Amino acid sequence: MAARHQAEQESEEEEEQQKRKASAAGQKEQQGQKGLSFKCLRSFRHKISGDNWRRQQDPGLEAGSKEPEEKKIALELLETEQAYVNRLHLLDQVFYTELMKEAKNGKTVPEEVVKMIFSNISSIYQFHAKFFLPELQKRMENWSSHPRIGDMIQKLAPFLKMYGEYVKNFNKAVELITVWTEKSLPFQELIADIQKRKVCANLTLQHHMLEPVQRIPRYELLLKDYIQKLPPESPDRNDADKALELIFMVAKHSNTAIAEMERLQNLWEVYQRLGLEDDIVDPSNELIKEGPVQKISTRNNSTSEKYLFLFNNMLLYCVPKVIQVGAEFQVRLRIDMDGMKVQELNDMQFPHTFLVSGKQRTLELQARSGEEMNAWIKAFQDAIDRKEKRSESFKMVVRGLETGNPTLKTEELGCRAPQWVRDNLVTMCMRCKEPFNAIMRRRHHCRACGYVVCAHCSEHKVKLQYDGNRLNRVCQECYVFLMGHVVLEDQEWKHKGILEKGAAEISGRSLLCSSLQLLDKNGKGGMRGWFVIPWDDPLVLYIYAAPQDVRAHTSIPLLGYQVRDLPQGKAQHLFQLAQSEQVYTFLADTEELKQRWMRIMARCAAGIIHPEEGEDVDSCSEAE
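Keep in mind that this is a model prediction, so the values were computed, not measured.

1. A look at the overall build of the protein chain
Piece 1. Helix and strand counts for the protein chain come out as 14 helices and 19 strands.
Piece 2. Sorting the 624 residues of the protein chain into buried and exposed places 46% on the buried side.
Piece 3. Pairs at least 24 residues apart make up 58% of the contacts formed inside the protein chain by residues separated by at least 6 positions.
Piece 4. With the model as given, the accessible surface of the protein chain reaches about 33,500 Å², and the carbon-plus-sulfur share is 48%.

2. Let's talk about the sheet that holds strand β2 (residues 303-311)
Piece 1. Reading across from one edge, β4-β3-β2-β1-β7-β6-β5 is the order of the seven strands in this open sheet, with antiparallel pairing throughout. A strand with exactly one partner marks an edge of an open sheet, and here the two such strands are β4 (329-336) and β5 (341-345). Within this sheet the neighbouring strands show an average axis-to-axis angle of 35°, counted without direction.
Piece 2. In this sheet, strand β3 (residues 314-320) lies alongside β2 in antiparallel orientation, the contact comprising four bridges. Residue pairing in the sheet places Tyr 307 in a bridge with Cys 318 of β3.

3. Examining the pattern of salt bridges
Piece 1. Across all of its chains, the model carries 23 salt bridges by this definition.
Piece 2. Where Arg 218 meets Glu 211, a salt bridge forms, and the shortest distance between an N and an O atom there is 3.0 Å. Each member of the pair, Arg 218 as well as Glu 211, is classed as buried.

4. Remarks on the packing of aromatic side chains
Piece 1. In this structure the tally under the stated criterion is twelve aromatic pairs.
Piece 2. Of the aromatic side chains, those joined through ring pairs into one cluster are Phe 127, Phe 132, Phe 159 and Tyr 219.
Piece 3. A cation over an aromatic ring shows up here: Lys 183 above the ring of Trp 180, its NZ or CZ 4.4 Å from the ring centre.

5. Points about the side chain of Asp 239
Piece 1. Summarising the element assignment, Asp 239 is placed in helix α10 (residues 237-274).
Piece 2. When its relative accessible area of 19% is taken as the criterion, Asp 239 is described as buried.
Piece 3. Other than its neighbours up to four places away in sequence, Asp 239 contacts Arg 148, Gly 150, Asp 151 and Gln 154.

6. Section: empty space enclosed by the protein
Piece 1. Counted under the stated rule, the structure contains four cavities of 30 Å³ or more.
Piece 2. There is about 70 Å³ of room inside the second largest cavity.
Piece 3. Together, Ile 73, Leu 77, Phe 132, Ile 149, Ile 153, Tyr 219, Leu 222, Leu 223, Tyr 226 and Ile 247 line the second largest cavity.
Piece 4. Put simply, the parts of the chain that give the lining of the second largest cavity at least two residues each are α3 (69-104) and α9 (205-229).
Piece 5. With four residues, α9 is the single largest residue contributor to the lining of the second largest cavity.
Piece 6. Residues of the lining of the second largest cavity, tallied by class, amount to ten nonpolar, no polar and no charged.

7. Thoughts on the environment of Glu 505
Piece 1. Counting through the fold element by element, Glu 505 comes out in helix α13 (residues 503-507).
Piece 2. Residue classification places Glu 505 among the exposed positions, given a relative accessible area of 65%.
Piece 3. Between the C-alpha atoms of Glu 505 and Pro 547, which are 42 residues apart in sequence, the distance is 9.7 Å.

8. Some thoughts on the side chain of Arg 139
Piece 1. Among the secondary structure elements, Arg 139 is positioned in helix α5 (residues 121-141).
Piece 2. In this view, Arg 139 contacts His 146, Arg 148, Ile 149, Asp 151 and Met 152; residues no more than four positions away in its chain are not counted.

9. Some details on the pairing of strand β10 (residues 460-464)
Piece 1. Examined bridge by bridge, β10 and strand β11 (residues 470-474) share five bridges and lie antiparallel to one another. Bridging from a neighbouring strand, Lys 463 pairs with Leu 471 of β11.
Piece 2. Counting the residues that bridge the hairpin from β10 to β11 gives five residues, and of these Gly 468 lies at a positive phi of roughly 65°.

10. Observations regarding the nonpolar core
Piece 1. Counting residues in each nonpolar core, the largest one holds 82 residues, and the members touching the most others are Ile 117, Phe 118, Phe 127, Ile 149, Ile 153, Met 209 and Tyr 226.
Piece 2. Sorting elements by how many residues they give to this core places α3 first, with 15 residues.
Piece 3. In contact with Ile 117, other than residues within four places in its own chain, are Asn 169, Ala 173, Leu 176, Ile 177, Phe 187 and Met 209.
Piece 4. Core analysis: the second largest hydrophobic core is formed by 23 residues, Leu 512, Leu 558, Tyr 561 and Met 601 among them.

11. Here we look at the packing of helix α7 (residues 163-183) against α9
Piece 1. The geometry of α7 relative to α9 is characterised by a closest axis approach of 10 Å and an angle of 160° between their N-to-C directions. The pairing of α7 with α9 is recorded here as roughly antiparallel in orientation. Between α7 and α9 lies a crossing of left-handed hand. Note on element contacts: α9 touches α7 through Leu 205, Gln 206, Met 209, Leu 210, Pro 212, Val 213, Arg 215 and Ile 216, opposite Tyr 163, Tyr 166, Val 167, Phe 170, Ala 173, Val 174 and Ile 177.

The rules behind these values
- Residues numbered from 1 in each chain as written.
- Predicted model: local features only at pLDDT ≥ 70, side-chain atom pairs only at ≥ 80, totals over all residues.
- Heavy atoms only, no water.
- Helix = DSSP H or I, 4+ residues; strand = E, 2+ residues; numbered from the N terminus.
- Buried < 20%, exposed > 50% of the residue type's maximum accessible area, 1.4 Å probe, protein only.
- Contact = heavy atoms within 4.5 Å.
- Areas by Shrake-Rupley, 256 points an atom, 1.4 Å probe, with all protein chains shown as cover.
- Pairing = 2+ DSSP bridges.
- Axes fitted to C-alpha atoms, helices over the stretch in contact; angles between N-to-C directions.
- Salt bridge = Lys/Arg side-chain N within 4 Å of Asp/Glu carboxyl O.
- Phe/Tyr/Trp six-rings, centres within 6.5 Å; stacked < 30°, edge-to-face > 60°.
- Lys NZ or Arg CZ within 6 Å of the ring centre and 35° of its normal.
- 1 Å grid on protein atoms, 1.4 Å probe; cavity = no way out; pocket = protein on both sides within 12 Å on 5 of 7 lines; lining within 4 Å.
- Points joined across faces, edges and corners; volume = space filled by probe spheres on them.
- Nonpolar A, V, L, I, M, F, W, Y, C, P; charged D, E, K, R; others polar.
- Core = buried A, V, L, I, M, F, W, Y, C linked by side-chain atoms within 4.5 Å.
- Parallel < 35°, antiparallel > 145°, perpendicular 65-115°, else oblique.
- Left-handed = near helix turned anticlockwise from the far one by under 90°.

In structure tokens form, the structure reads like this:
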């Protein structure tokens, strides 16, 4: 009987264990169908630094292999690049192509939604499939006679900047997939059908879309290992170091975009918990600290539970809602950070208390412990110091700039219309000091202080009181002061090494070079320049002010652009380069020259870099 009882008990335990496994599998399958939550996606970024994604040791390169260590890493780069191109093919040629086909038939979602989900994945796929991978394969085939990859990566690294657009759009893309999966059954069924295919390896669309976000940091890790394994006398060391520097800048920008994406997501979650009104919901806010406290009543010496949200520019004093329908908290009071003070109170009756004094209200608050009280005081003081430092720094900038402009007093900024500095009094941006030029770097006026600045230094807009609280273009310093939000500097994008090529040198051996006119956005102005597509760098259009300049003003990566012909009118020979919302309009001297440029640009944009049969290499047109 005892043996029978034990057998029954073991059978029941085994049955219960099977149920738990089945339940866990069901939950996992359900989670996979819903896709990745943002917090889950965010955790992937922290795993990139690990080695779990690195390939296992190739059986052909076992321990003791005579192959040099740097070649093993180069082969690993090639192998992971091949797998990555396959993933990009799946995203662009399968998911995107099939969803777009159904969208055009009106069966799933609008075409614009599909385009927003996949962003510029087609350009990324073309670059890696037609250029990066083939170049890498060619190098590894010729490794015995030409053992180097640094110069190749250095040449192609600037094109990785296109990842910035994809990374910034990633969170929105995941949201669109979730929304339209619930809204459109055909959309849901088509994605589910593709995900069942063997090529998807039981992973969701969201998992595959995460791959480009991870790719740049992986290049950085592999290139670091490659440089460490290079012999000191290796001819590839200098080029590899420069390539790593370029990859680092791209990775830094990508990480900044991811961090900003995370910050906005977290901020929006806080707004949802608070049910905030529109005048407080602001993407420039930064949550510093949140948590429960006890409010001490000055009337009856009692305490009541409250909840604080401390932002960089304000404190929200809240009460938990008894019935949590929608918002989790109700905002009772908003205290601005301007003029705020915080201090510890020595109260025998209420230990661990501190005082928060603002222009709108003074609060006596009690923490649960001395450590918690100190943490709150430190958070408040740091926020106050940052606010005061930003205000003081801006005052010094306004007072210290070398100009006779009667600048507004700090307290008047945005409240009164400024006196604009005349264009002809400055030759460079009054903020970053970069010289103006008529081809690309144009002049703009800050509507708050009146300074003449470039587009990069005036890419923000704020509501100005003197203009009826309408949005106006302002310089970065005015934006920082008026919004109370620190702008992340992006100095790494000012690297200009790719432009250090003499016009005469590359014009002598080019696919095409001539004088053209690059028109402004209104199509009415623009200075003539010297335009060159080099033979050895056919994916880039270089723009010079004159044919003998030793340095280009700017460059335009041609890959992925479309070439448009414009109707001829008033003897003008116009054509355009267009990609997404970026459009460049050119004016040629003759119709023949225009057609030559259109033909060459179209081939380069499509990745066809070899000259047509019978075409001369040196195709310069002396149109001066």
